[in-house]
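Descriptive structure summary
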Amino acid sequence: MSAVLHAHPESGPALGIDAAKRRRVLSEAGQRGRWWRFAAILIITGIVLVPIMVTVLLAFTPGPNSTATGLTFENLGNVFSKTLAATWLKNSLVTTLSTVVVSVAVAAPAGYVLSRGRSKAVSGYSLLLFVMQSLPIITSVVPLFILFAGMGLVDNLLGLTIIYVGSTMTVATWMMAAYFDSIPISLEEASWIDGCSVFGSFTKVVLRNSLPGVLSTAIFAFLLAWNDYLVAIVFLRSNEIFTLPMGVQSFFQQNATDWTSVMALAVVMMLPPVIVFATLNKYFSVGGIGGSLAGR
């Protein structure tokens, strides 16, 4: 018995040392794993960015007939002075911003109904949206072209914007409904008790706590309208009505040997999405919901 009693005091520190050693080994292994993951992400990011870096570098490289040396803004100046790049940029901004505003304005209340509604009509509408979302846009381009030709909306920015809004609406509504599901209905019930109407609670409580969802929906609509080429090439004919994707394609056909000017126009097309992401990135946070539930 005494031998057993003497063994316990010695085993305590030994077990403590072994546990500390295991924790240290696991910590070092975790650090090595994080570094490997970081290195892999860094390599993949570098590979993905290679085409973009080449595009930017060529855009600021002197052209074949240029007398400039080193990096220069000459190509950008030539693109805006000798082509309709400014008009194409304005057309893209008009159609894209109109699509974003209308899509968010319609998808927000529609998503709220899908999130809070529990009737068969709402479920059927939700299923219809899912079916429409699964259909590719190419299946409706020809019927829409025939319909819009009779209404005078072909080769028209208004007709193009209507198509963008329609093709964006289903996904935008689903995105807003998914985010509204994360907002507890108890917040709205509290506002109702305080005398707020349903519409008032939607605008003052739900939307105020849905900024990340609204921005995600807006960015989705922005990218769909800004990058579209398939619909634009079917519905646009006049050079003055072209959006930037159409303008880049037509400019490339006419200047296939002048890669620096083509890349300069490509940089002009890349800048707005980069600016949008850089500006709105800090607003992607769910802090508003967390703050609302702090006293719960």
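Keep in mind the model is a prediction, meaning the values are calculated, not measured.

Of all the residues in helix 11 (residues 244-254), the buried ones are Leu244, Pro245, Met246, Gly247, Val248, Ser250 and Phe251. In this structure, the buried residues of helix 11 make contact with helix 3 (85-116), helix 9 (211-227), helix 10 (230-235) and helix 12 (259-280).

The next subject is the packing of helix 11 against helix 12. At a minimum axis separation of 10 Å, helix 11 and helix 12 run at an interaxial angle of 180°. In terms of axis orientation, helix 11 runs roughly antiparallel to helix 12. Each of Leu244, Pro245, Gly247, Val248, Phe251 and Phe252 in helix 11 lies in contact with helix 12, whose residues at this interface are Trp259, Ser261, Val262, Leu265, Val268 and Met269. In terms of residue class, the contact of helix 11 with helix 12 is built from 10 nonpolar, 2 polar and no charged.

A separate point is the UniProt feature "transmembrane region" (unreviewed entry) in the protein chain. The feature "transmembrane region" (unreviewed entry), as annotated in UniProt, sits at residues 38-60, 93-115, 127-151, 157-180, 214-236 and 256-280 in this numbering. For residues 157-180, helix accounts for 100% and strand for 0%, while the C-alpha atoms at its two ends are 32 Å apart. Annotation note: span residues 214-236, helix share 87%, strand share 0%, distance between end C-alpha atoms 30 Å.

If you trace the backbone, Phe252 turns up in helix 11. Separated by 11 residues in the primary sequence, Phe252 and Met263 have C-alpha atoms spaced 9.3 Å apart. Sequence-distant contacts of Phe252, that is, excluding residues within four places in its chain, are made with Trp259 and Val262.

Inspection of the entire model under this criterion finds 1 salt bridge. Salt-bridge contacts for Arg116 lead to Glu188; the nearest nitrogen and oxygen are separated by 2.7 Å. Residue Arg116 is found in helix 3, and its partner Glu188 is found in helix 7 (residues 185-193); the two are separated by 72 residues along the sequence.

Here we come to the packing of helix 3 against helix 8 (residues 198-206). The description of two helices packed together rests on the angle between their axes and the distance between the axes. Relative to each other, helix 3 and helix 8 sit at 110°, their axes nearing to 12 Å. Here helix 8 runs roughly perpendicular to helix 3, going by the angle between their axes. Each of Ala108, Pro109 and Tyr112 in helix 3 lies in contact with helix 8, whose residues at this interface are Val198, Phe202 and Val206. Looking at the contact of helix 3 with helix 8 residue by residue, the classes come out as 6 nonpolar, no polar and no charged.

What follows deals with the packing of aromatic side chains. Going through the model one piece at a time under the given rule, you end up with 8 aromatic pairs. A ring pair is formed by Phe222 and Trp226, whose centres lie 5.7 Å apart and whose planes are at 10°; its orientation type is stacked. With Phe222 and Trp226 both in helix 9 and 4 residues apart, the pair spans about one turn of that helix. The same class applies to Phe222 as to Trp226, namely buried. Aromatic side chains Phe252 and Trp259 sit 5.4 Å apart centroid to centroid with 55° between the ring planes, which places their arrangement in the tilted category.

Definitions and limits used
Residues numbered from 1 in each chain as written. Predicted model: local features only at pLDDT ≥ 70, side-chain atom pairs only at ≥ 80, totals over all residues. Heavy atoms only, no water. Buried < 20%, exposed > 50% of the residue type's maximum accessible area, 1.4 Å probe, protein only. Helix = DSSP H or I, 4+ residues; strand = E, 2+ residues; numbered from the N terminus. Contact = heavy atoms within 4.5 Å. Axes fitted to C-alpha atoms, helices over the stretch in contact; angles between N-to-C directions. Parallel < 35°, antiparallel > 145°, perpendicular 65-115°, else oblique. Nonpolar A, V, L, I, M, F, W, Y, C, P; charged D, E, K, R; others polar. UniProt positions renumbered as here; feature names shortened; annotations may be inferred. Salt bridge = Lys/Arg side-chain N within 4 Å of Asp/Glu carboxyl O. Phe/Tyr/Trp six-rings, centres within 6.5 Å; stacked < 30°, edge-to-face > 60°.

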